[in-house]
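Commentary on secondary and tertiary structure
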Amino acid sequence: MRNLIISAALVVASVFGVAVQANAEESKAPYVELANPVPVAVPGKIEVVELFWYGCPHCYAFEPVINPWVEKLPKDVNFVRIPAMFGGPWDAHGQMFLTLEAMGVEHKVHAAVFNAIQKEGKKLVKKEDMADFLATQGVDKDKFLATFDSFAIQGKIKQARELAKKYEITGVPTMIVNGKYRFDIGSAGGAEQALQLADQLIAKERAAPKAAAN
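A brief look at the structure comes next. Each chain carries its own residue numbering, running from 1 in the written order of its sequence. Two thresholds apply to this predicted model, a pLDDT of at least 70 for residue-level local features and 80 or more for giving and counting side-chain atom pairs, whereas whole-chain, interface and lining totals are computed over all residues. Note that the side-chain values use all heavy atoms of the structure and ignore hydrogens as well as water.

**Points about unusual backbone geometry**
With an omega of -5 degrees, the peptide bond between Val172 and Pro173 qualifies as cis. Tracing the sequence through the fold places Pro173 in the loop between α7 (151-167) and β4 (174-177). Even without being glycine, Glu168 reaches a positive phi, approximately 60 degrees. The numbering of helices and of strands both runs from the N terminus, where a helix is a DSSP run of H or I of at least 4 residues and a strand a run of E of at least 2. For Glu168, the position within the fold is in the loop between α7 and β4.

Here it is as structure tokens:
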């Protein structure tokens, strides 16, 4: 009889343990709330940041999903792309992106650069190779090279690295909502789910001032 009671107790404890574990997994948020929120680029707007790398196939696959979403964002949301720079080709591609952005042509050639690296096998890690390719896309070669090595771009590189450090990112693509919430496609459960999560967090941030005022 004593053995039956002990066995029954172990079964109950086991079931209870499984239930606790399941509840813990269910309660785990698909995002990380940063301990130290990062100031947004445009005060008064809800910021959504995507950290990416041109050499990342996951970032490339995310493009046809995130781009239509970005185009439909409301006026109170500011979308920002930041290149992750972890050394080597990451740094080269990041500097290229920041150069094109500073020249005001990034939006015109962003897809072409991604295709060149991901589909055509171009490395584009040397500035001369970048300039030659971008010239085929209508970008002024001499202006690109001059901007690429400018003091202003060095400042943007430093800023991008500092932001990635503050966001505490370890991979790409990673999204940050309003300098507070960090998540990626994996933690969100997929590309579409990541954007749904972003929408939820945008709504949460939009409601926050109203809730604080009440």
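**Brief notes about the sheet that holds strand β5 (residues 181-184)**
For two strands to count as paired, DSSP must find a minimum of two bridges between them. Ordered by their spatial adjacency, five strands build an open sheet running β1-β5-β4-β2-β3, and the pairing between neighbours is mixed. Since the sheet does not close on itself, it has two edges, and those belong to β1 (32-33) and β3 (77-83), each with one partner. Where β4 lies against β5, four bridges are found, and the strand directions are antiparallel. For Thr174, the partnering residue across the bridge sits in β5 and is Asp184. The contact rule is simple, with two residues in contact once any of their heavy atoms fall within 4.5 Å. In this description, a line fitted to the C-alpha atoms serves as the axis of each element, helices being fitted only across the stretch in contact, and the angle between N-to-C directions of two axes falls anywhere from 0 to 180 degrees. Strands in contact with helix α2 (residues 57-71) are β2 (46-52), β3 and β4; relative to β3, the strand with the most contacts, it is inclined by about 160 degrees.

**Looking at the packing of helix α3 (residues 89-103) against helix α6 (residues 141-148)**
Put simply, α3 and α6 touch, their axes get as near as 9 Å, and they point 115 degrees apart. You can see that α3 and α6 cross each other, and the crossing is right-handed. From α3, Ala92, Gln95, Met96, Thr99, Leu100, Ala102 and Met103 reach across to α6, where they touch Lys143, Phe144, Thr147 and Phe148. When residues are grouped by polarity, Ala, Val, Leu, Ile, Met, Phe, Trp, Tyr, Cys and Pro land in nonpolar, Asp, Glu, Lys and Arg in charged, and all others, Gly among them, in polar. Split into classes, the residues belonging to the contact of α3 with α6 amount to seven nonpolar, three polar and one charged. Whether a crossing is left-handed or right-handed is set by the direction in which the near helix is turned from the far one by less than a right angle, anticlockwise for left-handed and clockwise for right-handed.

**Considerations on the pairing of β4**
Burial along β4 is two-sided: Thr174 and Ile176 facing one way and Met175 and Val177 facing the other are all buried. Where β2 meets β4, four bridges bridge the pair, whose relative direction is antiparallel. Paired with Glu50 across the strands is Met175, a residue of β4. Between β4 and β5, which pair antiparallel one after the other, the connecting turn spans three residues, and Asn178 there sits at a positive phi close to 55 degrees. To sort residues, take the accessible area from a 1.4 Å probe on protein chains only and compare it with the maximum for the residue type: under 20% means buried, over 50% means exposed, and anything in between is partly exposed.

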